Amino acid sequence: MEATEFVLPSMWMGIAVVVILFAIFYYVGWLAAKKTTSEEDLYAAGFAIGPVTNGLAMGATWASLATFMGVIALIYKLQAPFVYLWIQWALSIPLLTLLYGTCLRRMKAFTPASFIKVRYGNEAAIVIIVWMCLSMIMYALGQMIGLGMAFEVLFGLPYKYALVIVGIATIGFITMGGMYGASYNAAFQMVVMIIAMVVPMGAIMKAMGSSGWWFPPLAYGDMVPGMLQQLPTFFDMKYDYRWYFALIPAFTMGPIALPHLAMRVFTSSSIKSARWSVVWFILFLGLLFSGAYTAGFAGNYFTALTGHEIAKPDQTILILNVFYNPAIVAAFVVGGAIAAGMSTINGNLMAIAGLVGGDLLGILAPKMPGAKKMRWGYLALGIAGIVTILLAFSPPPFLVTSILWAFGLLATAVSPSILLGVWWKQANKIAMIISSAACGIIYIIISPHVLSNIVVGKGLVAALGMSGAMVTVPLSFASFIILSFVFNKMQLAAPTLEDKKMIDRIHGWGIDYDEARYNGVAMPIVLVGLSVIVFIWGMQPW
């Protein structure tokens, strides 16, 4: 087969699209800077974002450059039906909102770490802040790599120079606008992403002979017989069943702890607005992700049909557009991919600013004036961006790898602390710190990025990094619950009456306290049993 790489027919068209997009981003950031006068403005957009804007911003923050490049590359390379991935991702924001988002919104929290501080204390909050900052940097890393690659192609520069240019430009408009700028920019970026993903795919499918070209996200079904003729194994279950199951702890449990997604719920103007934001999020993200699956499907169909093998799977949607569409359309798709990367880095760096400026400094320097905390938040945002640029100098083979790794780490080290803290009054502070620290370290050790000879799973699916979550997530839940029983029995850092009353308040009970509410034993015991079963299953040879 002939190897095909992405080359934009008109470099100047691509540059023009990028310049226009950046001009809009900076203008929005400049307008937002005028409204940012307090910590609430900087970290939570004054808790004033409406449901449609927030739904768009949630989708943009979630989607990321990986949707345009990394996820489509996975579908092209693994030939895994995307429904397995999409279901897990689509569940994350609704679960986040239902399981703890609206509860923490009542607290007017800046990040989930704000809740951890109140629920478990300062030491526990510091542990969670460290894990979240590490995860946000790894998440932003995938975006920065993709942006560097896009600018490399557009400007004909060496990757490292392109990376520095786009990295500095990106950090600039994010730092300028705060959460107001991040919210409105992300909403605009989501509109650009949906158009760039869906509309050009219609022309591509029409050129491939599909009668369902008029709605690419769902109407590609008439291409399935042709795909089965060309690639009979495309829809087969090709991997160990545990890999598909591992998507649940990694892709569902991990994202519900992403601070930049939780912050989207917190920015809502009301609890009702937060819930409606989820409805809009599902609609917008559904369009984008279904379009991404269509692009991955079409990439495989393209290779089988034309004999052109896509040399760099991350470039699948870009190559399809160059092959089938006019140059201006291909340039706009590059712009959509860049918008996707920008939107997620927005959220990642704003989350780090909130974690450091709002949460960490609130612990280390509680009497520091708000204006000074804001300056530290801006500084943390800038430093995190620079660290991300430096890490991106040696990118992994798939830009999505670091993002998947971040999901598994959050699912292991953070999600149990939040979920049990919100829903179980007996969750113990020391148990939380031990289980979070120990299981997080174990996840890092068994990931393919540290000790290559100690990995859960095998082959490419193991190299993606999330299969280890099948072992560490159940271990984290089980150890947290068991240690809570033990330490509470010993009267060691047992939850106080005020801790328990706080649980009732954030669930909306006000002063109507009931000791038995959220205090049962059956639920945690059942959860321990299920966790042990999954843990043992995951430990068996793959």
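Structure: see above.
Residues numbered from 1 in each chain as written. Predicted model: local features only at pLDDT ≥ 70, side-chain atom pairs only at ≥ 80, totals over all residues. Heavy atoms only, no water.

A. Molecular detail of the overall build of the chain. Broken down by element type, the chain carries 22 helices and two strands. For the chain, the exposed area adds up to about 19400 Å²; of that, 71% sits on carbon and sulfur atoms. (Helix = DSSP H or I, 4+ residues; strand = E, 2+ residues; numbered from the N terminus. Areas by Shrake-Rupley, 256 points an atom, 1.4 Å probe, with all protein chains shown as cover.)

B. Representation of the packing of aromatic side chains in the model. One pass over the structure, following the stated rule, counts 10 aromatic pairs. Centre to centre, the rings of Trp-424 and Phe-485 are 5.4 Å apart; their planes meet at 70°, and the pair counts as edge-to-face. Taken together, the residues span a long stretch of sequence, with Trp-424 in the loop between α17 (415–423) and α18 (429–446) and Phe-485 in helix α20 (residues 469–489) at a distance of 61 residues. Judged by relative accessible area, Trp-424 falls into the buried class, the value being 1%. Through pairs of rings, three or more aromatic residues link up here, namely Tyr-293, Phe-297 and Tyr-301. Positioned above the aromatic ring of Tyr-120, the side-chain terminus of Arg-119 is 5.1 Å from the ring centre. The ring of Trp-509 carries the charged tip of Arg-517 above its face, separated from the ring centre by 3.6 Å. (Phe/Tyr/Trp six-rings, centres within 6.5 Å; stacked < 30°, edge-to-face > 60°. Buried < 20%, exposed > 50% of the residue type's maximum accessible area, 1.4 Å probe, protein only. Lys NZ or Arg CZ within 6 Å of the ring centre and 35° of its normal.)

C. Region of interest: helix α7 (residues 122–155). The terminal C-alpha atoms of α7 lie 47 Å apart, and with 34 residues this matches the ideal 50 Å at 1.5 Å per residue to within 8%. Gly-156 lies just past α7 and shows a positive phi near 65°. (Expected span 1.5 Å × (residues − 1).)

D. Examining a nonpolar patch on the surface more closely. Taken together, Trp-376, Leu-379, Ile-383, Val-387 and Leu-391 make up a surface patch of nonpolar side chains, about 430 Å² in accessible area. Assessed through its relative accessible area of 47%, Ile-383 is described here as partly exposed. (Patch = residues over 30% accessible without salt bridge, like charges linked within 9 Å, V, L, I, M, F, W, Y side chains within 5 Å. Salt bridge = Lys/Arg side-chain N within 4 Å of Asp/Glu carboxyl O.)

E. Region of the structure containing the pattern of salt bridges. Going through the model one piece at a time under the given rule, you end up with six salt bridges. Among the ionic pairs, Lys-429 bridges to Glu-123, the shortest N-O distance being 3.0 Å. Of the two residues, Lys-429 is situated in helix α18 and Glu-123 in helix α7; the sequence distance between them amounts to 306 residues. For Glu-123, a relative accessible area of 46% puts it in the partly exposed group.

F. Local environment of the layout of surface pockets. Of the pockets and cavities examined, the largest pocket occupies roughly 470 Å³. Around the largest pocket, the lining comprises 16 residues; the ones closest to its centre are Met-253, Val-473, Phe-477, Leu-527 and Ser-531. Contributions of two or more residues to the lining of the largest pocket are made by α10 (241–253), α17, α20 and α22 (522–539). The leading source of residues in the lining of the largest pocket is α22, at five residues. (1 Å grid on protein atoms, 1.4 Å probe; cavity = no way out; pocket = protein on both sides within 12 Å on 5 of 7 lines; lining within 4 Å. Points joined across faces, edges and corners; volume = space filled by probe spheres on them.)

G. Structural context of the side chain of Ser-479. You can see Ser-479 is positioned in helix α20. A polar atom in the side chain of Ser-479 sits 2.8 Å from the backbone oxygen of Leu-475. Looking at Ser-479, its side chain comes within polar contact range of the main-chain oxygen of Ser-476, at 3.2 Å. Excluding its chain neighbours within four sequence positions, the residues that come into contact with Ser-479 are Ser-435 and Cys-439. (Polar contact = N/O pair within 3.5 Å; in protein donor to acceptor, adjacent residues only side chain to side chain. Contact = heavy atoms within 4.5 Å.)

H. Main features of α18. Compared with the 26 Å implied by 1.5 Å per residue over 18 residues, the 26 Å span of α18 between its first and last C-alpha is a close match. Burial in α18 covers these residues: Ala-431, Met-432, Ser-435, Ser-436, Cys-439, Gly-440, Tyr-443 and Ile-446. Each buried residue of α18 sits inside an arc of 135° when the element is viewed along its axis, so together they form one side. Where α18 begins, one side-chain oxygen reaches toward the backbone nitrogen of Ile-430, 2.9 Å away; that side chain belongs to Asn-428. (Arc of directions from axis to C-beta.)

I. Structural detail: the nonpolar core. Counting 158 residues, the largest nonpolar core has Phe-68, Ile-116, Met-190, Ile-338 and Val-414 as the members making the most contacts within it. Non-local contacts of Ile-116, meaning those with residues more than four positions away in its chain, are made with Gly-121, Ala-124, Ala-125, Ile-128, Ser-417, Ile-418 and Met-432. (Core = buried A, V, L, I, M, F, W, Y, C linked by side-chain atoms within 4.5 Å.)

J. Representation of the environment of Ala-493 in the model. Position of Ala-493 among the secondary structure elements: in the loop between α20 and α21 (497–506). Ala-493 gets classed as partly exposed once you look at its relative accessible area, which sits at 33%. Along the chain, Ala-493 and Lys-429 lie 64 residues apart, while their C-alpha atoms are 6.3 Å from each other. Leaving out residues up to four positions away in the same chain, Ala-493 has contacts with Asn-428, Lys-429 and Ile-430.

K. Local environment of the environment of Leu-163. Within the secondary structure, Leu-163 is located in helix α8 (residues 159–207). The exposure class of Leu-163 is buried, given its relative accessible area of 0%. For Leu-163 and Glu-152, which are 11 residues apart along the polypeptide, the C-alpha to C-alpha distance reads 7.7 Å. Setting aside chain neighbours within four positions, we find Leu-163 in contact with Met-144, Gly-148, Ile-389, Ala-392 and Phe-393.

L. Up close: the packing of helix α3 (residues 51–68) against helix α12 (residues 271–306). Their axes nearest at 7 Å, the elements α3 and α12 cross at an angle of 35°. Judged by the sense of rotation from one axis to the other, the crossing of α3 with α12 is right-handed. Listed contacts from α12 to Pro-51, Val-52, Asn-54, Gly-55, Leu-56, Met-58, Gly-59, Trp-62, Ala-63, Thr-67 and Phe-68 of α3 are Ser-273, Trp-276, Ser-277, Trp-280, Phe-281, Phe-284, Leu-285, Leu-288, Phe-289 and Ala-292. For the contact of α3 with α12, the per-class residue count stands at 15 nonpolar, six polar and no charged. (Axes fitted to C-alpha atoms, helices over the stretch in contact; angles between N-to-C directions. Left-handed = near helix turned anticlockwise from the far one by under 90°. Nonpolar A, V, L, I, M, F, W, Y, C, P; charged D, E, K, R; others polar.)

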